[in-house]
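Listed below, chain by chain, are the residues.
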Amino acid sequence: MSFALYVAGFMLVIGGIAWALVEAGLAMFKIAIVCIILLGIAILTGVVKTRPKDPPRGPLA
């Protein structure tokens, strides 16, 4: 899975959570904080999940 696809999916999740928080009546400032935190988590997990594996190393001589 590519990094862009991973982050795009996470953006849909963040949008849904933000929408739910708006409907719940939470202040916009708090919603922005939650969205920034979730975006950071999305980037970190996206990098970890889509990073290519390291090539195997030869025996140490």
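Scroll up a little and you will see the structure.
Below you will find a few notes about this structure. (Residues numbered from 1 in each chain as written. Predicted model: local features only at pLDDT ≥ 70, side-chain atom pairs only at ≥ 80, totals over all residues. Heavy atoms only, no water.)

1. Some thoughts on a nonpolar patch on the surface
No. 1: Taken together, Phe3, Met11, Leu39, Ile43 and Val47 make up a surface patch of nonpolar side chains, about 400 Å² in accessible area.
No. 2: Elements with a contribution of two residues or more to the nonpolar patch: α1 (3–23) and α2 (28–50).
No. 3: In this fold, valine 47 is placed in helix α2.
No. 4: When its relative accessible area of 42% is taken as the criterion, valine 47 is described as partly exposed. (Patch = residues over 30% accessible without salt bridge, like charges linked within 9 Å, V, L, I, M, F, W, Y side chains within 5 Å. Areas by Shrake-Rupley, 256 points an atom, 1.4 Å probe, with all protein chains shown as cover. Salt bridge = Lys/Arg side-chain N within 4 Å of Asp/Glu carboxyl O. Helix = DSSP H or I, 4+ residues; strand = E, 2+ residues; numbered from the N terminus. Buried < 20%, exposed > 50% of the residue type's maximum accessible area, 1.4 Å probe, protein only.)

2. Structural notes on the packing of α1 against α2
No. 1: Across the interface, α1 lies against α2 with an axial gap of 9 Å and an inter-helix angle of 160°. Put simply, α1 runs roughly antiparallel to α2. In this structure, α1 meets α2 at a crossing whose hand is right-handed.
No. 2: Here the residues of the contact of α1 with α2 sort into 19 nonpolar, three polar and one charged. (Axes fitted to C-alpha atoms, helices over the stretch in contact; angles between N-to-C directions. Parallel < 35°, antiparallel > 145°, perpendicular 65-115°, else oblique. Left-handed = near helix turned anticlockwise from the far one by under 90°. Nonpolar A, V, L, I, M, F, W, Y, C, P; charged D, E, K, R; others polar.)

3. Quick look at α2
No. 1: The first and last C-alpha atoms of α2 sit 32 Å apart over 23 residues, in line with the 33 Å expected at 1.5 Å per residue.
No. 2: Among the residues making up α2, those that are buried are Ile31, Cys35, Leu38, Ala42 and Gly46.
No. 3: Looking at the buried side of α2, the elements it contacts are α1. (Expected span 1.5 Å × (residues − 1). Contact = heavy atoms within 4.5 Å.)

4. Some remarks on the environment of alanine 8
No. 1: Mapped onto the secondary structure, alanine 8 falls in helix α1.
No. 2: A sequence separation of 11 residues divides alanine 8 from tryptophan 19, and the C-alpha atoms of the two residues are 17 Å apart.

5. Focus: the nonpolar core
No. 1: Judged by nonpolar contacts, Ile14, Ala18, Ile31, Cys35 and Leu38 together constitute the single largest core of five residues.
No. 2: Of all the secondary structure elements, the ones that give two or more residues to this core are α1 and α2.
No. 3: The leading source of residues in this core is α2, at three residues.
No. 4: Not counting chain neighbours up to four residues away, the residues in contact with isoleucine 14 comprise Cys35, Leu38 and Leu39. (Core = buried A, V, L, I, M, F, W, Y, C linked by side-chain atoms within 4.5 Å.)

In short, the description is geometric, and any link to function would need to be established separately.
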